[in-house]
Amino acid sequence: MAERIRPPWWLKPANKLFIQMSRLGLKFGGESPVVLTVPGRKSGKPRSTPITPMNFEGERYVVGGFPGADWVRNVRAAGEVTLRRGRTAEAVRMVELSPEDAKPVLRAFPDEVPTGVSFMKRAGLITEGRPEEFEALAGRCAVFRFDPL
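Here is what the cut-offs are and how they apply
Along each chain, the written sequence defines residue order, and numbers are assigned to residues from 1. The model is predicted, so local features are restricted to residues of pLDDT at least 70 and side-chain atom pairs to those at 80 or more, both for listing and for counting; the totals for chains, interfaces and linings are taken over all residues. Water and hydrogen atoms play no part in the side-chain values, which are based on all heavy atoms of the structure. For helices the rule is a DSSP run of H or I covering at least 4 residues; for strands it is a run of E covering at least 2, with both sets numbered from the N terminus onward. Exposure is judged per residue with a 1.4 Å probe applied to protein chains only, and the accessible area is read against the type maximum: over 50% gives exposed, under 20% gives buried, and values in between give partly exposed. Axis geometry follows a simple rule: fit a line to the C-alpha atoms, using only the stretch in contact for helices, then measure angles between N-to-C directions, giving values from 0 to 180 degrees. Note on angle classes: values under 35 degrees are labelled roughly parallel, values over 145 roughly antiparallel, values of 65 to 115 roughly perpendicular, and the remainder oblique. Whether two residues are in contact is decided by their heavy atoms: any pair within 4.5 Å suffices. For this classification, the nonpolar set comprises Ala, Val, Leu, Ile, Met, Phe, Trp, Tyr, Cys and Pro, the charged set comprises Asp, Glu, Lys and Arg, and every other residue, Gly included, is treated as polar. Counted charges follow a simple rule, with Lys and Arg positive, Asp and Glu negative, and His plus the chain ends left uncounted. Any carboxyl oxygen of Asp or Glu within 4 Å of a side-chain nitrogen of Lys or Arg constitutes a salt bridge here. N or O atoms closer than or at 3.5 Å make up a polar contact, with two conditions inside protein: a donor-capable atom paired with an acceptor-capable one, and, for residues adjacent in sequence, both atoms drawn from side chains. Any two strands between which DSSP finds at least two bridges are classified as paired.

- In the annotation of an unreviewed UniProt entry, the chain is listed under the name Deazaflavin-dependent nitroreductase and assigned to Mycobacterium asiaticum.

**Details of the environment of Pro-67**
Then, number 1: Mapped onto the secondary structure, Pro-67 falls in the loop between β4 (59-63) and α2 (70-78).
Then, number 2: Since its relative accessible area comes to 2%, Pro-67 is described here as buried.
Then, number 3: In the structure, Pro-67 is positioned 60 residues away from Pro-7 in sequence and 9.7 Å away in space, judged by C-alpha atoms.

**What about the packing of helix α3 (residues 99-112) against helix α4 (residues 114-122)?**
Then, number 1: For the pair α3 and α4, the least separation of the axes is 6 Å and the interaxial angle reads 110 degrees. Regarding the angle of α3 to α4, the classification is roughly perpendicular. Across the interface between the two elements, Phe-109, Pro-110, Asp-111 and Glu-112 of α3 pack against Pro-114, Gly-116, Val-117 and Met-120 of α4.
Then, number 2: Of the residues belonging to the contact of α3 with α4, the class tally is five nonpolar, one polar and two charged.

**Overview of the side chain of Glu-133**
Then, number 1: Structurally, the position occupied by Glu-133 is in helix α5 (residues 131-135).
Then, number 2: The side chain of Glu-133 sits in the buried core without any salt bridge; Arg-130 is the nearest counter-charge, 4.3 Å away.
Then, number 3: Polar side-chain contacts of Glu-133 include one of 2.6 Å to the backbone nitrogen of Thr-127.
Then, number 4: Ignoring any residue separated from it by four or fewer positions in sequence, one finds Glu-133 in contact with Ile-126, Thr-127 and Glu-128.

**Remarks on the environment of Trp-9**
Then, number 1: For Trp-9, the location among the structural elements is in the segment before α1 (11-24).
Then, number 2: Trp-9 sits in the exposed class, given a relative accessible area of 74%.
Then, number 3: For the pair Trp-9 and Ser-118, spaced 109 residues apart in the sequence, the C-alpha separation amounts to 16 Å.

**Things to note about unusual backbone geometry**
Then, number 1: Unlike most non-glycine residues, Glu-57 shows phi in positive territory, near 50 degrees.
Then, number 2: Mapped onto the secondary structure, Glu-57 falls in the loop between β3 (54-56) and β4.
Then, number 3: Of the residues examined, Glu-57 reaches a relative accessible area of 71% and is grouped as exposed.

**Here we look at the sheet that holds strand β1 (residues 34-39)**
Then, number 1: Taken in spatial order, the seven strands line up as β2-β1-β5-β6-β7-β4-β3 in an open sheet, and their pairing is antiparallel. Here the strands that pair on one side only, and so sit at the sheet edges, are β2 (46-51) and β3. Averaged over all adjacent pairs, the angle separating strand axes in this sheet is 40 degrees, with direction ignored.
Then, number 2: Along the sheet, α1 makes contact with β1, β2 and β5 (80-85), crossing β2 at roughly 85 degrees.

Next comes the structure, spelled out in structure tokens:
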């Protein structure tokens, strides 16, 4: 079974706030949030979570901030998701990278998603935020590439 790190108590209420901000087209941390919606692997009901995609070498990716997160397990089961930014929706296929393929993406993460560095520090996954620390998360934190349908 995949390692699980318990998210902080405030994450679910904060995610609900970020989802509402996205619907209104508001920004936080300098970026407008992207909401990923995927069918639940057990219920089939739509489950939404805000994410921060990143661009790397001409492709779009997202890094799972908590090993064993529910949204990651739902994406693995479904494969296809909807991304929504404001009123714009896009259906994509999410392809999980192998740990080896994920290393360069993770190494670029602190430069591409600076707001994610403090999040990962608070989660206890890294201490300083150096690229090598992120690269070492390969195999622990899921990394997905977005492919058009």
